[in-house]
Amino acid sequence: MSRIGRMPIAIPAGVTVEVAENNKVTVKGPKGTLERVLPSEMEIKVEGAEVLVCRPNDLKKMKSLHGLTRTLIHNMVVGVTDGFEKKLEVNGVGYRASKSGKVLTLNLGYSHPVEMTDPEGIETVMEGQNVIIVKGIDKEKVGQFAAEIRDKRRPEPYKGKGIKYADETIRRKVGKTGKK
């Protein structure tokens, strides 16, 4: 039995969870509303202040979908109550980021500044010159946009220049040595 799939999801006060046909789950909370169509094989029940996910049989596919379905619903509940955020750090001489309106401007040593517009439901906040915080209620979108920002200039292993996640460690390499 899936250890994660078995766990009930507690619904906090102020959050409503509705399951429509074809397992379309709608979660409404103080921060907004999230909708998602989950695998139709899974049985999703709302009982009192908890959501339970059951699987029809023990086929390998059903076992793997069980924990996934539960985690997706849990992330939706956490998203509408607390929201998600990812921190990115810009490291390097002359590398900096700035925010004006919904446009994030990155100066990353290219001949031109890189401009990125916040997608729907995602907000970027600057903390000083070199820390970008990506916030939103949808975990998937927050992670995707943070990855897109990081992709503009990935951290390199010699000096550590580039955009990295705050909790990421860069494996450093030793540079080349001179002749003897």
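Residues numbered from 1 in each chain as written. Predicted model: local features only at pLDDT ≥ 70, side-chain atom pairs only at ≥ 80, totals over all residues. Heavy atoms only, no water.

Undergrad: Account for the pattern of salt bridges, naming residues and giving values.
TA: Enumeration over the complete set of coordinates arrives at 10 salt bridges. The partner of Glu89 in a salt bridge is Lys164, and the shortest N-O contact between them spans 3.4 Å. Of this pair, Glu89 sits in strand E7 (residues 84-91) while Lys164 sits in strand E13 (residues 162-165); the two residues are 75 residues apart in sequence, bridging distant segments of the chain. On the accessibility criterion, Lys164 (11% relative accessible area) is buried. Glu168 is the partner of Arg150 in a salt bridge, and the nearest nitrogen-oxygen pair spans 2.7 Å. Placement of Arg150 in helix H3 (residues 139-151) and of Glu168 in the segment after E13 is noted, with a sequence separation of 18 residues between them. (Salt bridge = Lys/Arg side-chain N within 4 Å of Asp/Glu carboxyl O. Helix = DSSP H or I, 4+ residues; strand = E, 2+ residues; numbered from the N terminus. Buried < 20%, exposed > 50% of the residue type's maximum accessible area, 1.4 Å probe, protein only.)

Undergrad: A description of the side chain of Asn75 should follow, citing residues and the corresponding values.
TA: Mapped onto the elements, Asn75 comes out in helix H2 (residues 60-81). Excluding residues within four positions of it along the chain, Asn75 makes contact with Phe84 and Lys139. (Contact = heavy atoms within 4.5 Å.)

Undergrad: Pulling in residues and values, what's your account of the pairing of strand E3 (residues 24-29)?
TA: Side-chain positions along a regular strand alternate between the two faces of the sheet. In this sheet, E3 lies alongside strand E2 (residues 16-20) in antiparallel orientation, the contact comprising 5 bridges. Counterpart to Val19 in the pairing with E3 is Val25. Connecting E2 to the next strand, E3, in antiparallel fashion are 3 residues, including Asn22 with a positive phi near 60°. Taken together, the 6 bridges between E3 and strand E4 (residues 32-37) define a ladder with antiparallel strand orientation. Across the sheet, the residue bridging to Lys24 is Val37, located in E4. The hairpin formed by E3 and E4 contains 2 residues between the paired strands. (Pairing = 2+ DSSP bridges.)

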